[in-house]
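# Observations on the three-dimensional arrangement
For reference, the chains in residue letters:
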Amino acid sequence: MSQLAILGGPKAISHANPNLFRWSDVTSEHEEAVLDVLRRGAMSGTDVTRQFEREYAAWQGQTYAVGFNTGTAALHTAMWAVGVRAGDEVLCQSITYWASILPVYSLGATPVFIDIEHHSLCIDPDLLEARIGPRTRAIVVTHNMGYPTDMDRVMAVARRHGLKVIEDVSHAHGGVFLGRRLGTIGDVAAFSCMSGKSFPIGEGGMLTTDDTEIHDRAIAFAHYERFDETIEEPDLAPYRGLPMGGTKYRMHQMSSAVGRVQLRTYDQRMDGIQRAMNEFWDLLEGVPGLHPHRVDPSSGSTMGGWYNPKGLYAPEELGGLSVTRFCQAVKAEGIDCRPGLVYKPLHLHPLFHTADVYGHGKPTRVAFATRDVRERRGDLPVAENIGKHVYGIPWFRSYDRDAIARYAEAFRKVVANHGELLAGDTGDAPSVADWQNEPLI
Ligand SMILES: Cc1ncc(COP(=O)(O)O)c(C=O)c1O
């Protein structure tokens, strides 16, 4: 095996095919759809969005889909729609994008953070029950980096305690948990469709549910122009015409138009991604230190469009080589490989400890709650260390057997020569796993 590029050897990937990693093909169909909205001056309308919603709901196999201008807005609305109110608590994993939970603050509610499972990077269902209190209202789960949360175990806890479940499917459009489409198992689902996602439409979000009451509340909260006589809930009807959330979350119709086109080819594109990513991991089977973050392809579950895929790193199998040094070596081979997750443990951020966002004269995390639920360092050990055990892998957007083999070979090359990297290893910077902000409580 040739010398590592970081030590002066030849690069394993000397030229990358940009098409392999392109976010999406932009076809004349996309262009025409967007231009039609623009030419009609229909950017703020709802006709294209409603068509997109009908098609998205049919694709999901659900009764309702409601378009939003962001995934964050869909999550905020979902929280109110399932009944999160002042003084309530909402359980959520500590390792996720902030929008999975932060909107609860603006509803007067308090987040309670749960540790993740190492193998899935998703919420650990075994840890939910211990943190449920009298004011716990809901659980938010993120199918992290495409990995389906164990929804059977989450739903069992939720039903036992009368809690609502919000699925954040922003990383897993089209993913499946044991034969059931993600987003259809909890009470309501929210999807980000911003440009970086596997189902990108520009900026936008989607809320889906089979529950008429949740649907009606979502409209009442954020879509005043649709909050009309079709919304019959007796406790909503008196307020028709104005948004109960004081929010205007309508989807931009240029995004809806792109979304409609994306939907036509998404299943096919997802199949290509799944085939490519599974083959990549098959080629790395048994390589020490590198473990897949994926579900068994024969299990009846899938990773959807494999958003932002990761590998699980075991430094102890590579003589203690830090993930940072490992990634430097992979990068030198011509692959964009970053150590850690983009996410840091939310429960360690000062916004959830000391910040007085609304001027209560005390931290917001405490001001809204009937008990102090702030976690301390050491309470969620998997989340606090996971950054040192994760690295980015190529996100193949289409199947190209030879290219996939070359990329897998580059990873093998670094592992085969890892002993030569130990001397120059200065370890992981704290920022790989943690925030750089100042102390907590
Ligand atoms: C897990 C998760 N939830 C929510 C969001 C928020 O979505 P948006 O950026 O569309 O507001 C994102 C992405 O940005 C995300 O990754």
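Within the protein chain, the secondary structure is distributed over ten helices and twelve strands. Expected size for 441 residues packed as a compact globule is a radius of gyration near 22 Å; at 23 Å, the protein chain falls within 12% of this value. Considering only intrachain contacts with a sequence separation of at least 6, the fraction spanning at least 24 residues in the protein chain is 72%.

A few words now on the sheet that holds strand β12 (residues 390–392). In space, the three strands of this open sheet follow the order β10-β11-β12, with antiparallel pairing throughout. Each of the sheet's edge strands pairs with one partner strand only, and the pair in question is β10 (290–292) and β12. Each strand of the sheet is rotated relative to its neighbour by a mean of 40°, with strand direction disregarded. Sheet topology note: the strand β11 (residues 310–313)/β12 ladder contains three bridges and is antiparallel. Directly across from leucine 312, in β12, lies its bridge partner valine 390.

Right, let's talk about the site of the ligand for a bit. Around the ligand lies a shell of 15 residues, among which Thr70, Gly71, Thr72, Tyr97 and Ser192 are the nearest. Looking at the shell around the ligand residue by residue, the classes come out as four nonpolar, ten polar and one charged.

Moving residue by residue along a regular strand, the side chains alternate between the two faces of the sheet. Burial of strand β1 (residues 64–68) is extensive: five of the five residues sit out of reach of the surface. Because side chains alternate across β1, one face comprises the buried residues Tyr64, Val66 and Phe68, and the other comprises Ala65 and Gly67, equally buried. Where β1 lies against strand β9 (residues 205–209), five bridges are found, and the strand directions are antiparallel. When the sheet's bridge partners are listed, alanine 65 is paired in β9 with threonine 208.

Quick look at helix α6 (residues 253–283) now. Over its 31 residues, α6 runs 42 Å from end to end, which matches the ideal 45 Å to within 8%, given 1.5 Å per residue. The largest bend in α6 comes to about 50°, at threonine 265.

Generally speaking, a soluble globular protein has its nonpolar side chains buried in company with each other. The biggest cluster of nonpolar side chains holds 121 residues, and the ones touching the most others in it are Ala78, Met79, Val90, Ala138 and Ile139. If you tally residues by element for this core, the top one is α6, at nine residues. Two domains each put at least three residues into this core: domain 1 (5–23 + 267–342 + 384–432) and domain 2 (28–261). Sequence-distant contacts of alanine 78, that is, excluding residues within four places in its chain, are made with Ile166, Val188, Ala190, Leu207 and Ala218.

It is worth spelling out the domain arrangement of the protein chain at this point. Domain annotation of the protein chain identifies domain 1 (5–23 + 267–342 + 384–432) and domain 2 (28–261). Computed from C-alpha coordinates alone, the two centres of domain 1 and domain 2 are separated by 31 Å. Tallied by class, residues from the side of domain 1 that touches domain 2 come to nine nonpolar, seven polar and two charged.

Strand order in the open sheet formed by seven strands is β1-β9-β8-β5-β4-β2-β3, and the pairing between neighbours is mixed. Both outer strands of the open sheet, β1 and β3 (110–114), are each paired with one neighbouring strand and no more. Taking the axes of each pair of neighbouring strands and ignoring which way they run, one obtains an average angle of 20° across the sheet. Of the strand pairs in this sheet, strand β4 (residues 136–142) and strand β5 (residues 164–168) are connected by five bridges, and their pairing is parallel. Along β5, the bridge assignment pairs valine 141 with glutamate 167. Helix α4 (residues 151–161) rests against β4 and β5 of the sheet, and its axis sits at about 170° to β4.

A separate point is the environment of alanine 433. Tracing the sequence through the fold places alanine 433 in the segment after α10 (401–416). C-alpha separation for the pair alanine 433 and valine 82, spaced 351 residues apart in sequence, amounts to 33 Å. Excluding anything up to four places from it in sequence, alanine 433 contacts Gly340, Glu384, Asn385, Ile386, Gly387 and Lys388.

A separate point is the packing of helix α2 (residues 47–60) against α6. Interhelical geometry of α2 versus α6 gives an angle of 35° and a closest axis separation of 9 Å. Once α2 is placed against α6, the crossing between them reads as left-handed. Mapping the contact onto sequence places Val48, Thr49, Gln51, Phe52, Glu55, Tyr56 and Trp59 in α2 and Gln253, Ser256, Ala257, Gly259, Arg260 and Leu263 in α6. Of the residues belonging to the contact of α2 with α6, the class tally is six nonpolar, five polar and two charged.

Along α4, the residues that are buried comprise Met151, Val154 and Ala158. Along the axis of α4, the buried positions cluster into a sector of 65°, meaning they face one direction only. Projecting away from the buried face of α4 at angles above 90 degrees are the exposed residues Asp152, Arg159 and Arg160. In this structure, the buried residues of α4 make contact with β4, β5 and β6 (176–177). Taken from the residues just after α4, glycine 162 is the one with a positive phi, measuring 65°.

As a further point, take the pairing of β11. Judged from the three bridges that link them, β10 and β11 form a sheet pairing that is antiparallel. Each bridged residue has a counterpart across the sheet, and for leucine 290 the counterpart in β11 is tyrosine 313.

Here we come to unusual backbone geometry. Only a minority of non-glycine residues have a phi that is not negative, and only a minority of peptide bonds are not trans. Residue leucine 121 is not a glycine yet carries a positive backbone phi of 65°. Of note, leucine 121 is situated in the loop between β3 and β4. A positive phi angle is found at methionine 145, which is not glycine, with a value near 50°. Positionally, methionine 145 belongs in the loop between β4 and α4.

A word on the packing of helix α3 (residues 71–81) against helix α5 (residues 212–222). Here α3 crosses α5 at 120°, and the two axes come no closer than 9 Å. In this view, α3 runs oblique relative to α5, as classed from their interaxial angle. Handedness of the crossing formed by α3 with α5: right-handed. On α5, the residues that touch Ala73, Thr77, Ala78, Trp80 and Ala81 of α3 are Ile214, Arg217, Ala218, Phe221 and Ala222. Taken together, the residues of the contact of α3 with α5 break down into eight nonpolar, one polar and one charged.

Conventions used here
Residues numbered from 1 in each chain as written. Predicted model: local features only at pLDDT ≥ 70, side-chain atom pairs only at ≥ 80, totals over all residues. Helix = DSSP H or I, 4+ residues; strand = E, 2+ residues; numbered from the N terminus. Rg over C-alpha atoms; globule rule 2.2 N^0.38 Å. Contact = placed C-beta atoms within 7 Å. Pairing = 2+ DSSP bridges. Axes fitted to C-alpha atoms, helices over the stretch in contact; angles between N-to-C directions. Near = placed C-beta within 6 Å. Nonpolar A, V, L, I, M, F, W, Y, C, P; charged D, E, K, R; others polar. Buried ≥ 20, exposed ≤ 12 C-beta atoms within 10 Å, placed from the backbone. Expected span 1.5 Å × (residues − 1). Bend = angle between axes of the 7 residues up to and from the residue. Core = buried A, V, L, I, M, F, W, Y, C linked by C-beta atoms within 7 Å. Domains from an automatic or database assignment. Left-handed = near helix turned anticlockwise from the far one by under 90°. Arc of directions from axis to C-beta. Parallel < 35°, antiparallel > 145°, perpendicular 65-115°, else oblique.

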